[in-house]
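Reading the structure
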Amino acid sequence: MTVTSLLLPRLPGRCIRALAGLTATAAPAGLRARPLHTSVAMRTAVFRRAVGFAANTALRDRHAEYTYAGLWRCSRLLADKVSESLEGRRGQRVAFLCPNDASYVMALWACWISGQIAVPLSPLHPESSLKYFVEDSGAGLLMATPSTATRLAPLAAGPDSAASAPTLLLIGDDLRAAAAADADPRLDGEDRAASGKDDGADGAMIIYTSGTTSLPKGVLLSHGNLAAQVQALLDAWRIGPEDNVLHALPLHHMHGIMNALLCPLAAGGRITMLPKFSASQVWTEMLSEQPGRVNVFMAVPTSYAKLVDEYHATVGSTPEGRDHVKDTTRTKMRLMASGSAPLPVPLFERWERITGHRLLERFGMSEVGMVLSNPLEPQSERRPGFVGNPLPQTRVRLVRPATDTQPREEILCEGDAHGTTLRVKDGKPTVGNLLVKGPNVCTGYWNKPDATAKEFTANGWFKTGDTCEFVDGAYKILGRTSVDIIKTGGYKVSAVQVETCLLGHPDISDCAVVGLPDDTWGQSVAAVVRLREGASDTHSLDQLRDWGRERLPPYSLPRTLRVVPQVPRNPMGKVNKKSLVAELFPDADKSQAA
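Residues numbered from 1 in each chain as written. Predicted model: local features only at pLDDT ≥ 70, side-chain atom pairs only at ≥ 80, totals over all residues. Heavy atoms only, no water.

Definition in use: UniProt positions are given in the numbering used here, feature names are shortened, and annotations may be inferred rather than shown by experiment.
For the protein, the name recorded in an unreviewed UniProt entry is Malonate--CoA ligase ACSF3, mitochondrial-like, with Frankliniella occidentalis as its organism. One UniProt comment on the protein, placed under Sequence similarities (unreviewed entry), says "Belongs to the ATP-dependent AMP-binding enzyme family."

**Observations regarding helix α10 (residues 279-286)**
Put simply, the test is: Classification of residues uses two cut-offs on accessible area relative to the type maximum, computed with a 1.4 Å probe and protein chains only: under 20% is buried, over 50% is exposed, and between them is partly exposed. Helical segments are the DSSP runs of H or I of at least four residues, strand segments are the runs of E of at least two, and each set is numbered from the N terminus. Taking the helix axis as origin, the arc is that swept by the directions to the C-beta atoms.
For α10, every residue scored as buried is listed here: A279, V282, W283, E285 and M286. Around the axis of α10, the buried residues are gathered within 160 degrees of arc, so they sit on the same side.

**What about the sheet that holds strand β28 (residues 560-563)?**
Note the threshold: The rule for pairing is simple: two strands pair if DSSP sees at least two bridges between them. To obtain each axis, a line is fitted to C-alpha atoms, and for helices this fit is confined to the stretch in contact; angles are then taken between N-to-C directions over 0 to 180 degrees.
The sheet built from three strands is open, its strands ordered β26-β27-β28 with mixed pairing. With partners counted over all chains shown, the strands left at the sheet margins are β26 (508-518) and β28, one partner each. Ignoring which end each strand starts from, the neighbouring axes of this sheet average 25 degrees apart. Judged from the four bridges that link them, strand β27 (residues 522-531) and β28 form a sheet pairing that is parallel. Within the sheet, the bridge partner assigned to V528 lies in β28 and is R562.

**Focus: the pairing of strand β14 (residues 360-365)**
When a strand is regular, its side chains alternate between the sheet's two faces. Note the following rule: A right-handed crossover is one whose linking path, passing over the helix from the first strand to the second, runs clockwise when the strands point away from the viewer.
The buried fraction of β14 is high, at five of six residues. The pairing of strand β13 (residues 335-338) with β14 spans two bridges and is parallel. Looking at β14, one finds that A337 is bridged to L360. Read as a crossover between parallel neighbours, the route from β13 over helix α13 (residues 345-355) to β14 is right-handed. The sheet contact formed by β14 and strand β15 (residues 369-373) spans four bridges and is antiparallel. Across the sheet, F363 pairs through a bridge with L372, a residue of β15.

Structural data, given as structure tokens:
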């Protein structure tokens, strides 16, 4: 195995200079060119803004604090080693596996400074997934820290490996330590020259989809895509240098990378990064009285559910504790947001009772970043179950697909940050497939031109694969069209809405609703539930249906019930419903396949 080690036992006080002359990178073959927004802000890579905040504290992790200048200089040093390892080639894919700390930021910036395409991996991925991502992306180099290197070592070049196997660059812990020790806020001409490149069209990152409905695909995002997505959130959520974002998300999906990492770093803000989500640590940070405490938190619904459980068990177990939580979060926390999976209405309401905050829900995905968001202010306009309206620079459409009786696709409504116009007023609910267009939309799928063409309309709209409703001036996601819209007896049932209802049952703590093939109904509604601790384990389908009759229309009531000890979810809180059906309803899965 070929391993290059970047170890710095004796660094000079201001770190070693790395030269980073940057040139344009050609667009990868097999992908359709897509127009980008023409403003300089949209075309300039967001990481280059770091030099404007050199003296600011950028990050605090479990090891230390780091300024922007310290991270930038050590990232440039690492970028030199990347360029050396790739023999000066640019536009190469660099897959890296780093823990949630400063090493991740330096690895990401080093990829970009050296003109490469970053492929972030996760310690949560099994070996088979890591192998797939490295091979599918055609990574020419791997990067890891001492704590993660053993995971990537089997994929690196060795005596018995293929000639195309990548080398492994080891990022020594002392590089991170050097960044923390670098207290000089001054940046010289080389640093500023390296930050001035205008490279919006260059490939920046490949993010692999969660694969909840198919094999993961690599989403290729340009620097222009990332800049547009960042600017939209900075404008909508008013993220600035005074913000300190509490980061406890995985760093291989857009939620953790875009919302909680790139946005504050692009604004000159601060990040408090936890090694992983811990309900007790999150509460400790949110209730801290220290100067420069966190004031922004973003998480997935599963995390909020765990925080509610921890609240009842510890911090909110006494009247004094409950008062302290509400007083502190209402006065010290500026923004709390939820995404990556549907937020159940009961959880929304519980969180508001505990903290006084109405969670800001938004909708996004790997291919388009964030698209829809509830308003920052006033909180009273954030309605549970809704994801608001389009973010700046983003356009959305709801379309009714063609049918035997309606041979052409029908545009129901179209909207942007200035409002939505109804195109069809036929008295029916405005429910259709969600399409997106704008500078935020990805270039396409890596090395999959057929899949890219399939997901874009002829005039450049991206098909999200989600069914959405526009009602009462805002958008509501009803679920993935392929797995969350259940067609039963001529009705279309939103699995997300049924799940939200079932979570209101006093004995149900988690659930997933799926559609099963049915000879009579086309599909039947099935519920997979986890009961709360201490709840009776004698729940029957009839009891659940009796309870649900007052809350759901008859055709939405579950016809099948499975009680499980745990509803399987990925790190972003999503359920792979195809796998769930295959595991719990094997006969139904065979019927579907047939």
